[in-house]
Amino acid sequence: MSEPIRVLVTGAAGQIGYSLLYSLANGDVFGKDQAIILHLLDITPALGALGGVKFELEDCSLPLLRDVVCTDQETVAFKDIDVAVLVGAMPRREGMERKDLLAANVRIFKSQGAALDQYAKKTVKVLVVGNPANTNCLICSKNAPSIPSENFSCLTRLDHNRAKAQVALKVGVTTDKVRQVTIWGNHSSTQFPDVRHAKVTLNNGETKQAYDAIQDENWIKNSFIPVVQKRGAAIIAARKLSSAMSAAKAICDHLRDWWFGTPNDDWVSMGVVSDGSYGIEKGLVYSFPIKCQNRTWSIVQGLEINDWARDLMTKTAQELIQERDDAFDATK
Ligand SMILES: NC(=O)c1ccc[n+]([C@@H]2O[C@H](COP(=O)([O-])OP(=O)(O)OC[C@H]3O[C@@H](n4cnc5c(N)ncnc54)[C@H](O)[C@@H]3O)[C@@H](O)[C@H]2O)c1
Ligand SMILES: O=C(O)C[C@H](O)C(=O)O
């Protein structure tokens, strides 16, 4: 059994926190021989509820869980952490776009970036979930100059999982038979869910390009893409609350693959700081096809981009440029 790692979850008294913490503490993410100390941060009025979450974690009787630190103080929450899952932020309500949360949420990520810089291990791996996730991640990274920008990522795995599930439903296979799906760009309704390079293994064992398995380009362009782009809003309209169970599952998938690596024949989608790949402006936090190995990620190179795809990739990049500029104004 290795030394315990310290994993911070912010907004831990919220609905994603409630769906997420058991899986982290149970070894589903960092492995069944990795002990864990949970740091749970929330705002002062939520500390009572957070105490109840701590009781429940104790009552789960999990041998890997060595301690639970509940706090409203960044100095305590960010101290010596190995992993930060930054969830705590306002969620959107019906009729809002995620970027409408920018003014309310971006200050949180400025402050938490500075706290990471000051108190966390320099090797800390950061996953930003709070919306607008890409731009919050950018602000967080900018405010933590002593931590390599490669250590920052934002969650687009939920969109990736949604895309896989839609293709699987359409073709009539299980989701594990769909691979090499990509979410490009922003975790917003401008994202580009791309199945041009995806493959599907059919129930007879034959593997085909997703386009050939689906055989319905109209469905891809006019149903699949908008459904994935607007799935978060559809959930809010139905539940009057934003996604939580599927978001928590996606957080676990994202962290586990970053920690243990992606399968040889597949990739995942992660929002990471662009190095200029695929002509995307350097420094934007943009979702790319990603492979992970030895706890580091790299962007899958060499995928063919046609004019149609280029237009969609540029549109979502332009939205991120606007969000970045608005965020810099809001945090001046
Ligand atoms: N990227 C994604 O795929 C994705 C998916 C689902 C939700 N989200 C986003 O995640 C965020 C959280 O969603 P939720 O449903 O858990 O919301 P929630 O309102 O249930 O919980 C948010 C929690 O954050 C806390 N909080 C607020 N400000 C904080 C601060 N400064 N420091 C620490 N904690 C703070 C709140 O007190 C609350 O307990 C929202 O911004 C939502 O839009 C992102
Ligand atoms: O859509 C939202 O506001 C919540 C989350 O980002 C989602 O995609 O479900």
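Residues numbered from 1 in each chain as written. Chains lettered and ligands numbered in written order. Predicted model: local features only at pLDDT ≥ 70, side-chain atom pairs only at ≥ 80, totals over all residues. Heavy atoms only, no water.

Asks: Could you give an account of the site of ligand 2, with specific residues and numbers?
Replies: Contacts to ligand 2 come from Arg92, Arg98, Asn131, Leu158, Arg162, His187, Gly232, Ile236, Ser242 and Ser243. Contacts to ligand 2 include arginine 98, whose side-chain N or O atom sits 2.8 Å from an oxygen atom. Asparagine 131 is positioned with one of its side-chain polar atoms (N or O) 2.9 Å from an oxygen atom of ligand 2. Here ligand 2, which alone exposes 260 Å², has 94% of that area covered by the protein. Of all elements in the fold, only helix H6 (157-171) and helix H9 (231-239) reach the threshold of two or more residues within the shell around ligand 2. A per-class count over the shell around ligand 2 returns 2 nonpolar, 5 polar and 3 charged. Two domains each provide a minimum of three residues to the shell around ligand 2, namely domain 1 (2-154) and domain 2 (157-325). (Near = heavy atom within 4 Å. Polar contact = N/O pair within 3.5 Å; in protein donor to acceptor, adjacent residues only side chain to side chain. Areas by Shrake-Rupley, 256 points an atom, 1.4 Å probe, with all protein chains shown as cover. Helix = DSSP H or I, 4+ residues; strand = E, 2+ residues; numbered from the N terminus. Nonpolar A, V, L, I, M, F, W, Y, C, P; charged D, E, K, R; others polar. Domains from an automatic or database assignment.)

Asks: So, the UniProt feature "active site" (unreviewed entry) in the protein chain: which residues are in play, and what are the values?
Replies: Those places that UniProt annotates as "active site" (unreviewed entry) correspond, in this numbering, to His187. Locating histidine 187 in the fold gives a position in the loop between strand S8 (182-184) and strand S9 (192-194). On the basis of relative accessibility, which here comes to 9%, the residue histidine 187 falls in the buried class. Once residues within four sequence positions are removed from consideration, histidine 187 is found in contact with Arg98, Asn131, Asn134, Leu155, Thr156, Asp159 and Arg162. Reaching out from histidine 187, the side chain makes a polar contact with the side chain of arginine 98 at a distance of 3.2 Å. (UniProt positions renumbered as here; feature names shortened; annotations may be inferred. Buried < 20%, exposed > 50% of the residue type's maximum accessible area, 1.4 Å probe, protein only. Contact = heavy atoms within 4.5 Å.)

Asks: I'd like to hear about the domain arrangement of the protein chain, residue by residue, with values.
Replies: Annotation of the protein chain at the domain level lists domain 1 (2-154) and domain 2 (157-325). Here domain 1 and domain 2 have C-alpha centroids that lie 23 Å from each other. Taken residue by residue, the interface counts 38 residues in domain 1 and 42 residues in domain 2. For the domain 1 face of the interface with domain 2, the top three residues by lost area are Arg98, Lys125 and Asn134, together amounting to 19%. Across the domain 1-domain 2 interface, the total number found is 2 salt bridges. In this structure, the salt-bridge partner of glutamate 94 is lysine 240, at a minimum N-O distance of 3.2 Å. Our enumeration of links across domain 1 and domain 2 arrives at 14 residue pairs in polar contact (both at pLDDT 80 or more). (Buried area = accessible area lost by both parts, 1.4 Å probe. Salt bridge = Lys/Arg side-chain N within 4 Å of Asp/Glu carboxyl O.)

Asks: Any chance you could break down the pattern of salt bridges for me, citing the residues and the numbers?
Replies: For the structure on display, the rule yields 16 salt bridges. The residue aspartate 176 makes a salt bridge to lysine 177 at a minimum N-O spacing of 3.5 Å. Residue classification places aspartate 176 among the exposed positions, given a relative accessible area of 53%. Residue class for lysine 177 comes out partly exposed when judged on its relative accessible area of 30%. Glutamate 281 is the salt-bridge partner of arginine 324, the closest N and O atoms lying 2.8 Å from each other. Pair noted here: arginine 324 is in helix H11 (residues 307-330) and glutamate 281 is in the loop between strand S12 (268-273) and strand S13 (285-293), with a separation of 43 residues, a long-range link. One salt-bridge network, in which partners are shared between bridges, spans Asp194, Arg196 and Glu304.

Asks: Help me get a handle on the site of ligand 1, residues and values and all.
Replies: Near ligand 1 there are 24 residues, and of these Gln15, Asp42, Met90, Val129 and Asn131 occur at the shortest range. Here glycine 11 contributes a backbone N or O atom positioned 3.5 Å from a nitrogen atom of ligand 1. Burial of ligand 1 by the surrounding chains reaches 86%, relative to a free accessible area of 870 Å². For the shell around ligand 1, the secondary structure elements donating two or more residues are helix H1 (15-25) and helix H4 (102-119).

Asks: I'd like a rundown of the UniProt feature "domain: Lactate/malate dehydrogenase C-terminal" (unreviewed entry) in the protein chain, residues and numbers included.
Replies: Per the UniProt record, "domain: Lactate/malate dehydrogenase C-terminal" (unreviewed entry) is found at residues 156-329. Secondary structure over residues 156-329 splits into 47% helix and 19% strand, and the C-alpha atoms at its two ends are 25 Å apart.

Asks: Outline the environment of glutamine 118, supporting the account with residue identities and numerical values.
Replies: For glutamine 118, the position within the fold is in helix H4. Sequence spacing of glutamine 118 and threonine 75 is 43 residues, and the spatial spacing of their C-alpha atoms is 8.6 Å.

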